[in-house]
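Architecture and fold: a report
Read off the chains here:
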Amino acid sequence: MSELAKKPSSNAQPIVRFENVAKHFETSTGTTIALQNINQHIMAGEFVAVIGPSGCGKSTLLRLLCGLEQPTSGEVSWPSSADKSTPDIGVAFQEHRLLPWMNVQKNILLPTLMQKGSYSAEDEKRALLLCEMVGLKGFEGRGPAELSGGMRQRASFARALFSQPSLLLLDEPFGALDALTREKIIADAERIWMDQKFGAFLITHSISEAVHLADRVIVMSARPGRVVAEIPITLERPRTNFLGDPQFARLCDELRQHLEL
Ligand SMILES: Nc1ncnc2c1ncn2[C@@H]1O[C@H](COP(=O)(O)OP(=O)(O)O)[C@@H](O)[C@H]1O
Ligand SMILES: [Mg+2]
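Heads up: these notes are all about the structure in this document. Remember, it's a predicted structure, so these values are computed and weren't measured experimentally.

The next thing to look at is the overall build of the chain. The secondary structure content of the chain amounts to 7 helices and 9 strands. For the chain, whose C-alpha radius of gyration is 18 Å, the value lies close to the compact-globule estimate of 18 Å for 261 residues. Dimensions of the chain along its principal axes, counting C-alpha atoms only, are 50 × 45 × 40 Å. Residue burial in the chain is summarised as follows: out of 261 residues, 48% are buried. In the chain, 73% of the contacts between residues at least 6 apart in sequence involve partners at least 24 apart. Computed over 28 positive and 30 negative side-chain charges, the inter-centroid distance for the chain is 2 Å.

A few words now on helix α4 (residues 149-161). Look at α4: 19 Å from first C-alpha to last across 13 residues, which is about the 18 Å you get at 1.5 Å a residue. In terms of burial, α4 is a largely internal element, 11 of the 13 residues being buried. Listing the buried residues of α4 in full gives Gly150, Met151, Gln153, Arg154, Ala155, Ser156, Phe157, Ala158, Arg159, Ala160 and Leu161. In this structure, the buried side of α4 is in contact with β5 (89-93), α2 (104-116), α3 (121-133), β6 (167-171) and α5 (179-196).

The next point concerns the site of ligand 1. The immediate surroundings of ligand 1 are formed by 13 residues, with Gly55, Lys58, Ser59, Thr60 and Arg223 found nearest. Separating an oxygen atom of ligand 1 from a backbone N or O atom of Lys58 is a distance of 2.9 Å. Ser59 is positioned with one of its backbone polar atoms (N or O) 2.9 Å from an oxygen atom of ligand 1. Counting residues per element, the ones that place at least two in the shell around ligand 1 are β1 (14-27), β2 (30-43) and α1 (58-66). The biggest single contributor to the shell around ligand 1 is α1, with 3 residues.

All right, on to the environment of Ser81 then. Residue placement: Ser81 occurs in the loop between β4 (73-77) and β5. Given a relative accessible area of 11%, Ser81 falls into the buried group. In sequence terms Ser81 and Val16 are 65 residues apart; their C-alpha atoms lie 9.0 Å from each other.

Turning our eyes to something else, we now look at the packing of α2 against α3. At their nearest, the axes of α2 and α3 sit 9 Å apart, and the two run at 135° to each other. Taken together, the axes of α2 and α3 lie oblique to each other. The way α2 lies across α3 gives a crossing that is right-handed. Across from Val104, Gln105, Ile108, Leu109, Thr112 and Lys116 in α2, the residues of α3 making contact are Asp123, Glu124, Ala127, Leu128, Leu130 and Cys131. Here the residues of the contact of α2 with α3 are counted per class, giving 7 nonpolar, 2 polar and 3 charged.

Rules used in this analysis
- Each chain has its residues counted from 1, following the order in which its sequence is written.
- Each chain gets a letter, beginning with A, and each ligand a number, beginning with 1, in the order they are written.
- This being a predicted model, a pLDDT of at least 70 is required before a residue's local features are given, and a value of 80 or more before pairs of side-chain atoms are given or counted; all residues contribute to the totals for chains, interfaces and linings.
- Each side-chain value is derived from all of the structure's non-hydrogen atoms; neither hydrogens nor water enter the calculation.
- Per the convention used, a helix needs a DSSP run of H or I reaching at least four residues, while a strand needs a run of E reaching at least two, with both numbered from the N terminus.
- Radius of gyration means the value over C-alpha atoms here, while the globule rule gives 2.2 Å times the residue count to the 0.38 power.
- Exposed residues in this analysis have more than 50% of their type's maximum accessible area, buried residues have under 20%, and partly exposed residues fall in between, with area computed by a 1.4 Å probe over protein chains only.
- Only heavy atoms matter for contacts: two residues are in contact if any of them lie within 4.5 Å across the pair.
- Two residue types count as positive, namely Lys and Arg, and two as negative, namely Asp and Glu; His and chain ends fall outside the count.
- To locate a charge, the coordinates of NZ of Lys, CZ of Arg, CG of Asp or CD of Glu are taken.
- Here the expected span of a helix is defined as 1.5 Å times the quantity of residues minus one.
- The near set for a molecule or strand comprises every residue that places at least one heavy atom within 4 Å of it.
- Here a polar contact is taken to be a pair of N or O atoms separated by no more than 3.5 Å, where protein atoms must pair a possible hydrogen donor with a possible acceptor and residues adjacent in sequence count only if both atoms sit in side chains.
- With axes taken as lines fitted to C-alpha atoms, and helix axes fitted only over the stretch in contact, angles between N-to-C directions fall between 0 and 180 degrees.
- Every angle not falling under 35 degrees, over 145, or within 65 to 115 is termed oblique; those three ranges are roughly parallel, roughly antiparallel and roughly perpendicular.
- Left-handed describes a crossing whose near helix is turned anticlockwise from the far helix through less than a right angle; right-handed describes the clockwise counterpart.
- Amino acids outside the nonpolar list (Ala, Val, Leu, Ile, Met, Phe, Trp, Tyr, Cys, Pro) and the charged list (Asp, Glu, Lys, Arg) are all regarded as polar, and Gly is one of them.

If you want it as structure tokens, here you go:
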């Protein structure tokens, strides 16, 4: 385990629970039913991936988790947080959302700076360790413009991990990367998750990415978004040498079939 590793929790319990959640949006052309009848949970330390066609409500689910949206009916609750409020979450999006005038280390420290108004020498050290963990050692002082697309996503990933969140929300963070970069960054993300064991909620369009990373894949239908399948993935980790693995291919096929229905 790395210096930054979290102790694994022995009695896993849900971090978050969706109970009969529906979300409607009122627009000038009528009501959009984005989500319907969502009953789900994410356990502490569990890696959950969500896959489904565009517009099926994946990002809306994530926005409900961030508290950026409220359900129209049903409840999103946080059973394991002491005061039942939203616990610490980290978020990384498809766009890296780094500030162009700040170097990598400062970008990683940005949420802390915004929250506390300053950061300590200890925080600076942690940012450097995170850079190393995500494969950006030596690039701490570079600005986003001096980095490749993959490196920017790595920085954004490090920033999301800074506060040791109990739940990491990932909205297609690897979606815009070329295939080779994507493969490398996914393998690194798996390694980091195995070391840190945070709960993770990954939205993706990629079947193989979902099978590579997740303990459980939730498949959603086209609008109104409903859960049509839940596939546990129990393949041994790390799953880096999956090419040609018949079990991996079978799980990908199973997911593809659910998506085609
Ligand atoms: N703020 C909003 N106002 C109106 N409609 C919205 C809003 N946010 C999302 N929607 C609609 O809800 C549906 C689900 O959107 P979204 O969660 O972004 O889907 P996905 O991430 O799966 O592509 C879409 O039809 C989208 O147009
Ligand atoms: Mg989306």
